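# A look at the structure
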Amino acid sequence: MADLVQLMKQEVGKAAASRVKSNSILGLGTGSTTAFAIQYIGERLAKGEITNIVGVPTSFGAEVLAKKYGIPLTTLDAVDHIDLAIDGADEVDPQKNLIKGGGAAHTREKVVDSLADFFIVVVDGNKVVEKLGSTFLLPVEVIPMALAPVTRHLEKLGGKPELRMGIKKAGPVVTDQGNLVIDVKFDSIENPAELESTINNIPGVLDNGLFVAVADLILVGEIKDGQATVREF
Ligand code: 5RP
């Protein structure tokens, strides 16, 4: 099963990378699926299939990968638009709304992905849900001194919040901005746009992982008869 998931991620990452055109400013997403896209973009650049590409990374992790695969990088101070962003997601609903933040990078991801003229989301088939919140907790980035009041506020909204803890690191996960992440279980997210802005209005919250009406195209990796295929919606 783990191998099949890897295969889906790989195919969908390759499919997204194949849509990159020369002379583009790219938003480079975060996570294991986007990692394949970054790898294939780097390989296409190295082969000369595409030229004059520059990337804006959505995290330190994306920056490290882009450097590894030879993709030149820039910042939002130096460019006035992004042509194409490619990023993963933790859940996708039929309206193309997303939950992101499994890698604690959703704040920067939302900045970059929202700026893009075209935003492609790359997911394996397990990420497609009827309703957001069905399988994944909603990540909320919070400044450390506001952890207690934000946690209480999220409980009042009907959520079950838990501070995200590090793996192979003692203590909580610390974001690229030096903040904390609260993962919140909501039994059902009926109105993602309303919940996104309600949570973002809590003092001390930087941003949450709901991405509403940001994605243009979803590429879904699937396995059919043992073969990885890519479906679009
Ligand atoms: C990071 C993200 C990732 O894009 C999301 O968690 C999907 O990751 P993966 O491709 O590893 O499943 O939002 O903050």
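Because the structure is a prediction, the values reported are computed rather than measured.

## Remarks on the domain arrangement of the chain
- Partitioning the chain into domains gives domain 1 (2-128 + 213-232) and domain 2 (138-206).
- For domain 1 and domain 2, the distance between their C-alpha centres works out to 25 Å.
- The residue Lys110 makes a salt bridge to Glu196 at a minimum N-O spacing of 2.6 Å.
- Put simply, domain 1 and domain 2 have 7 residue pairs in polar contact (both at pLDDT 80 or more) between them.
- For the side of domain 1 that touches domain 2, the per-class residue count stands at 3 nonpolar, 7 polar and 3 charged.

## Some words on helix α6 (residues 192-200)
- Of all the residues in α6, the buried ones are Pro192, Leu195, Glu196 and Ile199. Within α6, the buried residues cover an arc of 105 degrees as seen down the axis, which keeps them to one side.
- The inward-facing, buried residues of α6 abut α4 (106-115), β7 (138-142), α5 (147-156), β10 (205-208) and β11 (210-211).

## Quick word on the sheet that holds strand β3 (residues 82-87)
- Strand order in the open sheet formed by 6 strands is β2-β1-β3-β6-β12-β13, with mixed pairing between adjacent strands. The open sheet has two edge strands with one neighbour each: β2 (53-57) and β13 (227-232). Averaged over all adjacent pairs, the angle separating strand axes in this sheet is 25 degrees, with direction ignored.
- One ladder, built from 6 bridges, connects strand β12 (residues 217-224) with β13; its direction is antiparallel. Bridge assignment links Lys224 to a residue of β13, and that residue is Gln227.
- The strands touched by α4 are β1 (24-28), β2, β3 and β6 (116-124); relative to β6, the strand with the most contacts, the crossing angle is about 125 degrees.

Cut-off values and rules
- Residues numbered from 1 in each chain as written.
- Predicted model: local features only at pLDDT ≥ 70, side-chain atom pairs only at ≥ 80, totals over all residues.
- Heavy atoms only, no water.
- Domains from an automatic or database assignment.
- Salt bridge = Lys/Arg side-chain N within 4 Å of Asp/Glu carboxyl O.
- Polar contact = N/O pair within 3.5 Å; in protein donor to acceptor, adjacent residues only side chain to side chain.
- Nonpolar A, V, L, I, M, F, W, Y, C, P; charged D, E, K, R; others polar.
- Buried < 20%, exposed > 50% of the residue type's maximum accessible area, 1.4 Å probe, protein only.
- Helix = DSSP H or I, 4+ residues; strand = E, 2+ residues; numbered from the N terminus.
- Arc of directions from axis to C-beta.
- Contact = heavy atoms within 4.5 Å.
- Pairing = 2+ DSSP bridges.
- Axes fitted to C-alpha atoms, helices over the stretch in contact; angles between N-to-C directions.

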